[in-house]
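# Notes for the structure review
For reference, the chains in residue letters:
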Number of protein chains: 2
Amino acid sequence: DSDLEELIVEIISANNRGVSAAKNVTSEPNWSFGQSFFFSSTIVTTIGYGHVHPLSEGGKIFCIIYAIIGIPMTFILLTALVERLLVPATWLLYWLNSKLGHLYQPFNIRVFHLAIIGTVSFVLFMVFPSLIFAKLEPGWDFLDSLYYCFISLTTIGLGDYIPGDAQDQPMRPLYKVCITGYLLLGLTFVMLILHLYNDIPQLNLGLFLLRGSETSPGDPERMRLSGTGGITPKYTQ
Amino acid sequence: DSDLEELIVEIISANNRGVSAAKNVTSEPNWSFGQSFFFSSTIVTTIGYGHVHPLSEGGKIFCIIYAIIGIPMTFILLTALVERLLVPATWLLYWLNSKLGHLYQPFNIRVFHLAIIGTVSFVLFMVFPSLIFAKLEPGWDFLDSLYYCFISLTTIGLGDYIPGDAQDQPMRPLYKVCITGYLLLGLTFVMLILHLYNDIPQLNLGLFLLRGSETSPGDPERMRLSGTGGITPKYTQ
């Protein structure tokens, strides 16, 4: 009985360290290249699934230092990508303005513009990957895959579903690298949508709820495009 | 042999669902009030430890809807708290300016101001809680506790260390609620520090690395206080 107890404790401890005792096979080491690359990317994006994590003192200290440097760097990288994406996004807005400007208010065109980019991003980074994951991952249905994409791209990262961790996953390193690329690109589009959303002051819920008297009135161009009036504080001063 | 295999699979599956098979005791249900409250708070703050997670279809769908509403609401709450904290923080900056203004450049005073608030926050929300966790949690040393605080307040949330999950934790619900309060307050101070850091344009690494020509030149008051010169683009236009 005490032997069984010991075995159970061992199995649980091994499982918590990412080693499955089921099926007597030699599993890949936890810190293989693909797995480590994926782990690093989940640290710097603050997703943090936690399926693998440092166990040693040195590992924990390195993880802290790596995050202190890596998180701001990743944020700068994503911001730079968003800046690039804003060029075609703004082009689309101008095009919509030129086509629909005589029919609708600038605010409505802005919302329509956001809806277009939001829908395209949703299909590209939620629906489409979910279909792929549901196909590739054993035991994941479409809802599981969609749930995984959502939990990851909001950087919650529960870690209950992690792609590429099947026992007999073929081309695991490549697969993990591809997922990392997907996550970075997906987060970029999440940031783009938040940026575009923030550019529409009427949709700013915080401003609305907090009656934010301290917030800046925004630049005149933004005010003009969003239709809050042509006379900005700048000209009234 | 196949019986043992079956037992191992059962133990692992139970463990992955948060039920430890070790020690034949009836553990508290996973979704007790304290645990659920804590889980909810880790969703809306995007920490997402993942020690408990929805298993049913309905749970997953609810979790997605809850996050869509909860994350922006939490962000607004934290922003509102930061706004309140900015009042004493700005008061401290003015006080420092009045005392040290004749000795140092405004930029140096700003950095000193940030360093003071950063150090106080670090002691209050990293060192102090770490000492408490190292005392309260069985098997956590100071480094483990510091690592837990860091991983949580960066919203990485690996979930390898979670306070209040010991088998015989006394007053678990109260403890979990206290940790939730700590996390929200800690995240507020992280946001405050980021806000103060962003207010010093010379420290803006992104601007420096990306040669951000598109970024706004900042309000004149900020420029004046940070010492980038009194003549702002506004007056040159």
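Residues numbered from 1 in each chain as written. Chains lettered and ligands numbered in written order. Predicted model: local features only at pLDDT ≥ 70, side-chain atom pairs only at ≥ 80, totals over all residues. Heavy atoms only, no water.

A few words on the overall build of chain A. Summing up its helical and strand segments, chain A has 9 helices and 0 strands in all. Along chain A, helices and strands appear, N-terminal first, in the series α-α-α-α-α-α-α-α-α. Every one of the 237 residues in chain A was classed for burial, and the buried ones make up 41%. When contacts within chain A are restricted to residue pairs at least 6 apart in sequence, long-range pairs at least 24 apart make up 60% of them. Summing over all exposed atoms, chain A offers an accessible surface of approximately 13000 Å²; the carbon and sulfur share of this is 67%. (Helix = DSSP H or I, 4+ residues; strand = E, 2+ residues; numbered from the N terminus. Buried < 20%, exposed > 50% of the residue type's maximum accessible area, 1.4 Å probe, protein only. Contact = heavy atoms within 4.5 Å. Areas by Shrake-Rupley, 256 points an atom, 1.4 Å probe, with all protein chains shown as cover.)

Attention now moves to the packing of aromatic side chains. Applying the stated criterion across every chain yields a total of 24 aromatic pairs over all chains. Between Phe133 of chain B and Tyr182 of chain B, the ring centres sit 6.1 Å apart and the planes meet at 70 degrees, which makes this aromatic pair edge-to-face. Residue Phe133 of chain B is located in helix H4 (residues 106–136), and its partner Tyr182 of chain B is located in helix H6 (residues 172–198); the two are separated by 49 residues in the primary sequence. Each member of the pair Phe133 of chain B and Tyr182 of chain B is classed as buried. Plain terms: the ring middles of Tyr147 of chain B and Tyr161 of chain B are 5.8 Å apart, the flat faces sit at 85 degrees to each other, and that makes the pair edge-to-face. Here Tyr161 of chain B lies in the loop between helix H5 (142–153) and H6 and Tyr147 of chain B lies in helix H5, a separation of 14 residues in the sequence. Take Tyr147 of chain B: its relative accessible area is 1%, and that puts it in the buried class. One aromatic cluster in this structure is built from Phe38, Tyr49, Phe133, Trp140, Tyr147, Tyr148, Tyr161 and Tyr182 of chain A. We note Lys60 of chain A situated over the ring of Tyr147 of chain B; from NZ or CZ to the ring centre the distance is 5.9 Å. (Phe/Tyr/Trp six-rings, centres within 6.5 Å; stacked < 30°, edge-to-face > 60°. Lys NZ or Arg CZ within 6 Å of the ring centre and 35° of its normal.)

This part is about the confidence of the model for chain A. Residue and element names in this part refer to chain A. When pLDDT is averaged along chain A, the result is 83, and 80% of the positions lie at 70 or above. Confidence drops under pLDDT 50 across residues 212–237; counting only partners more than four residues distant or on other chains, this segment forms 30 contacts. Model confidence for the complex is summarised by a pTM of 0.82, with the ipTM given as 0.81. (pLDDT = per-residue confidence, 0-100.)

This part covers the UniProt feature "transmembrane region" (unreviewed entry) in chain A. All names here are of chain A. On the UniProt side, "transmembrane region" (unreviewed entry) is annotated at positions that read residues 33–52, 64–87, 107–133, 145–162 and 174–197 here. The span residues 64–87 shows a helical share of 100% and a strand share of 0%, and its end C-alpha atoms are spaced 35 Å apart. The span residues 145–162 carries 50% helix and 0% strand; its end-to-end C-alpha distance comes to 10 Å. (UniProt positions renumbered as here; feature names shortened; annotations may be inferred.)

What follows concerns the UniProt feature "domain: Potassium channel" (unreviewed entry) in chain A. This chain's UniProt record puts "domain: Potassium channel" (unreviewed entry) on residues 29–85 and 123–196 of chain A. For residues 123–196 of chain A, the helix share is 69%, the strand share is 0%, and the end-to-end C-alpha distance is 18 Å.

What follows concerns the nonpolar core. In this structure, Phe133, Tyr148 and Leu183 of chain A are the most contacted members of the largest nonpolar core, which totals 41 residues. Elements with a contribution of two residues or more to this core: helix H3 (57–100), helix H4 (106–136), helix H5 (142–153) and helix H6 (172–198) of chain A together with helix H2 (33–44) and helix H3 (57–100) of chain B. Considering every element that reaches this core, the biggest residue donor is H6 of chain A, with 9 residues. Among all residues touching Leu183 of chain A, those that are not within four sequence positions of it are Phe38, Ile47, Tyr49, Tyr148, Ser152 and Leu153 of chain A. Counting 40 residues, the second largest nonpolar core, distinct from the first, contains Ile117, Tyr148, Tyr161 and Ile179 of chain B. (Core = buried A, V, L, I, M, F, W, Y, C linked by side-chain atoms within 4.5 Å.)

On the surface, a cluster of nonpolar side chains totalling about 610 Å² of accessible area is made up of Ile61, Ile65, Ile68, Ile69 and Met73 of chain A together with Tyr197 and Leu205 of chain B. If you trace the backbone, Ile69 of chain A turns up in helix H3. (Patch = residues over 30% accessible without salt bridge, like charges linked within 9 Å, V, L, I, M, F, W, Y side chains within 5 Å. Salt bridge = Lys/Arg side-chain N within 4 Å of Asp/Glu carboxyl O.)

Our next topic: the pattern of salt bridges. Residue and element names in this part refer to chain A. Under the defined criterion, the tally for this structure stands at 4 salt bridges over all chains. Asp165 is the partner of Lys176 in a salt bridge, and the nearest nitrogen-oxygen pair spans 2.7 Å. Highlighted residues: Lys176 in helix H6 and Asp165 in the loop between H5 and H6, separated in sequence by 11 residues. Lys176 gets classed as buried once you look at its relative accessible area, which sits at 0%.

All names here are of chain A. Positive phi values are uncommon outside glycine, yet Thr46 reaches one of about 60 degrees. The phi torsion at Thr155 lies on the positive side, around 60 degrees, for a residue other than glycine. Checked against the element boundaries, Thr155 lands in the loop between H5 and H6. By relative accessible area, Thr155 is classed as buried at 14%.

Residue and element names in this part refer to chain A. Two elements in contact, H5 and H6, have axes whose closest approach is 10 Å; the angle formed by their N-to-C orientations is 65 degrees. For the pair H5 and H6, the crossing hand works out as right-handed. On H6, the residues touching Tyr148, Cys149, Ser152 and Leu153 of H5 are Ile179, Tyr182, Leu183, Gly186, Leu187 and Val190. Of the residues belonging to the contact of H5 with H6, the class tally is 8 nonpolar, 2 polar and no charged. (Axes fitted to C-alpha atoms, helices over the stretch in contact; angles between N-to-C directions. Left-handed = near helix turned anticlockwise from the far one by under 90°. Nonpolar A, V, L, I, M, F, W, Y, C, P; charged D, E, K, R; others polar.)

All names here are of chain A. Helix length check: H5 (12 residues) gives 16 Å between terminal C-alpha atoms against 16 Å at 1.5 Å per residue, within 8%. Across the 12 residues that make up H5, a large majority, 11, are buried. Here H5 has its buried residues at Leu143, Asp144, Ser145, Leu146, Tyr147, Tyr148, Cys149, Phe150, Ile151, Ser152 and Leu153. The first or second residue beyond H5 is Thr155, which carries a positive phi of 60 degrees. (Expected span 1.5 Å × (residues − 1).)

Among the secondary structure elements, Gly118 of chain A is positioned in helix H4. Separated by 68 residues in sequence, Gly118 of chain A and Gly186 of chain A have C-alpha atoms that sit 12 Å apart.

A separate point is the state of the cysteines. Think of a disulfide as a covalent bridge from one cysteine sulfur atom to another cysteine sulfur atom. Evaluated as defined, the whole model comprises 0 disulfides over all chains. With no disulfide of its own, Cys63 of chain A lies 14 Å from the sulfur of Cys149 of chain B, the closest cysteine sulfur. (Disulfide = S-S within 2.5 Å.)

Time to look at the packing of helix H2 (residues 33–44) of chain A against H6 of chain A. Residue and element names in this part refer to chain A. Running from amino to carboxyl end, H2 crosses H6 at an angle of 15 degrees, the nearest separation of the two axes being 8 Å. Of the possible angle classes, the one that applies to H2 and H6 is roughly parallel. When the axes of H2 and H6 are compared, the crossing they make is left-handed. Contact with H2, carried on its side by Phe33, Gly34, Gln35, Phe37, Phe38 and Ser41, involves Pro173, Lys176, Val177, Ile179, Thr180 and Leu183 of H6 and no other residues of that element. Of the residues assigned to the contact of H2 with H6, the class counts are 7 nonpolar, 4 polar and 1 charged. (Parallel < 35°, antiparallel > 145°, perpendicular 65-115°, else oblique.)

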